Amino acid sequence: MACDSERAFSASVLLAELPRLVPFVPHEAPETSLDFDLRFFRDEGRALLATLDVQTTVQVECARCLQSMRLPVMGSSLLQFVYNDAQAEQVGDVREPVLVDAEGGVVLSNLLEEEVLIALPTVAMHEHQCQPAWREEAEDDGVQSLVEQSERPNPFAALGQQWRMPGSKGSGKKGEDQ
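Residues numbered from 1 in each chain as written. Predicted model: local features only at pLDDT ≥ 70, side-chain atom pairs only at ≥ 80, totals over all residues. Heavy atoms only, no water.

Sorry, what's going on with the overall build of the protein chain here?
What the protein chain contains, in helices and strands, is 5 helices and 5 strands. Across the protein chain, every contact between residues at least 6 apart in sequence was considered, and the portion connecting residues at least 24 apart equals 53%. Only carbon and sulfur atoms are counted for the fraction: they give 52% of the accessible area of the protein chain, which is about 12400 Å². (Helix = DSSP H or I, 4+ residues; strand = E, 2+ residues; numbered from the N terminus. Contact = heavy atoms within 4.5 Å. Areas by Shrake-Rupley, 256 points an atom, 1.4 Å probe, with all protein chains shown as cover.)

Below, the structure written as structure tokens:
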């Protein structure tokens, strides 16, 4: 009925009220909301459609420095409602198939969660060039270990000397060793 009457909704819900998004709620802002616009309609072929736009801010871990960061997330999808898997296979690439129940209903919270999860980047990083976590660990282990490594004798130094000596086997000059 929502598609036939072209109903539209603009609303907000607390991010913390959506179970699959709880891990992404910013610690310092638990009241963060997820704003959404949802518009139902039918196309010229009478398919049941909806546009869904979401906007929120989530907390994720930076892949470079492994520190928490807040990330604005925006997502938009064109949804096509279907009653079975066979219909879902017929949905074009531009549309996202959404399976409805026997009465033609969907759970709005599931749609919102899916849209945010799809909009999350695969790898999140600060925009500024943050220090990689491995570099900080190396610095924490101390520069002393690097100094100790550089003072150890190189086991290949003698081989390198032989390689450079003229007339020795393995001097690197083609045809001399043969």
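Looking at this model, I keep getting lost on the nonpolar core. Mind explaining?
If you look at soluble globular proteins, the nonpolar side chains tend to sit buried side by side. Within the largest apolar cluster, 31 residues are counted, with the highest numbers of intra-cluster contacts made by Leu34, Leu52, Val54, Val58, Phe81, Leu112 and Val116. Going through the elements one at a time, β2 (33-42), β3 (48-61), β4 (68-82) and α2 (108-119) are the ones with two or more residues in this core. If we skip the residues at most four places from it in the chain, Leu34 touches Ala11, Ser12, Val13, Leu15, Leu18, Leu21, Val54, Gln55, Thr56, Leu112 and Val116. (Core = buried A, V, L, I, M, F, W, Y, C linked by side-chain atoms within 4.5 Å. Buried < 20%, exposed > 50% of the residue type's maximum accessible area, 1.4 Å probe, protein only.)

Can you walk me through the sheet that holds β2 in this structure?
Working definition: the strands of a sheet are paired by backbone hydrogen bonds and lie parallel or antiparallel to each other. A sheet is described by the order of its strands in space; here 5 strands give the open sequence β1-β2-β3-β4-β5, paired in mixed fashion. Whereas interior strands pair on both sides, the edge strands pair on one side only; in this sheet they are β1 (8-14) and β5 (96-99). Geometrically, the sheet is characterised by an average inter-axis angle of 30° between neighbouring strands, direction not taken into account. Pairing geometry for β3 and β4, over 13 bridges, is antiparallel. Its bridge partner lying in β4, Leu49 is registered against Gln80. (Pairing = 2+ DSSP bridges. Axes fitted to C-alpha atoms, helices over the stretch in contact; angles between N-to-C directions.)

What is the right way to read the pattern of salt bridges from this model?
Think of it this way: side chains of opposite charge can pair up when their charged atoms draw near. Counted by the stated rule, this structure contains 6 salt bridges. Linking Asp4 and Arg46 is a salt bridge whose minimum nitrogen-to-oxygen distance equals 3.7 Å. You can see Asp4 sitting in the segment before β1 and its partner Arg46 sitting in the loop between β2 and β3, a full 42 residues away along the chain. By relative accessible area, Asp4 is classed as partly exposed at 48%. (Salt bridge = Lys/Arg side-chain N within 4 Å of Asp/Glu carboxyl O.)

Hey, could you run me through the packing of aromatic side chains in this one?
Describing an aromatic ring pair means giving the distance of the ring centres and the angle of the ring planes. With the rule as written, the count across this model stands at 2 aromatic pairs. The interplanar angle of 90° and the centroid separation of 6.2 Å between the aromatic rings of Phe9 and Phe40 together place this pair among those described as edge-to-face. One end of the pair, Phe9, is in strand β1; the other, Phe40, is in strand β2, with 31 residues separating them in the sequence. Judged by its relative accessible area of 34%, Phe9 falls in the partly exposed class. Owing to a relative accessible area of 10%, Phe40 belongs among the buried residues under this scheme. Following the ring pairs from residue to residue traces out a cluster consisting of Phe9, Phe40 and Phe81. Geometry around Phe41 places Arg39 over its ring, the cationic atom sitting 4.3 Å from the centre. (Phe/Tyr/Trp six-rings, centres within 6.5 Å; stacked < 30°, edge-to-face > 60°. Lys NZ or Arg CZ within 6 Å of the ring centre and 35° of its normal.)

I would appreciate a short explanation of the environment of Ala11 in the present structure.
Structurally, Ala11 can be placed in strand β1. Distance in space between the C-alpha atoms of Ala11 and Asp37 is 6.7 Å, their sequence separation being 26 residues. Sequence-distant contacts of Ala11, that is, excluding residues within four places in its chain, are made with Leu34, Asp35 and Phe36.

Can you walk me through unusual backbone geometry in this structure?
Positive phi outside glycine occurs at Glu6, with the angle close to 50°. Phi at Arg46 takes a positive value of approximately 70°, unusual for a residue other than glycine.

What is the right way to read the environment of Arg46 from this model?
Residue Arg46 is classed as exposed on the basis of its relative accessible area, which comes to 52%. Taking the C-alpha atoms as reference points, Arg46 and Asp4, separated by 42 residues in sequence, lie 9.2 Å from one another.

Hey, could you run me through α2 in this one?
Within an α-helix, residues lying three or four positions from one another point in the same direction, as the helix has 3.6 residues per turn. The first and last C-alpha atoms of α2 sit 17 Å apart over 12 residues, in line with the 16 Å expected at 1.5 Å per residue. Where α2 is buried, its residues meet β1, β2, β3, β4 and β5. (Expected span 1.5 Å × (residues − 1).)

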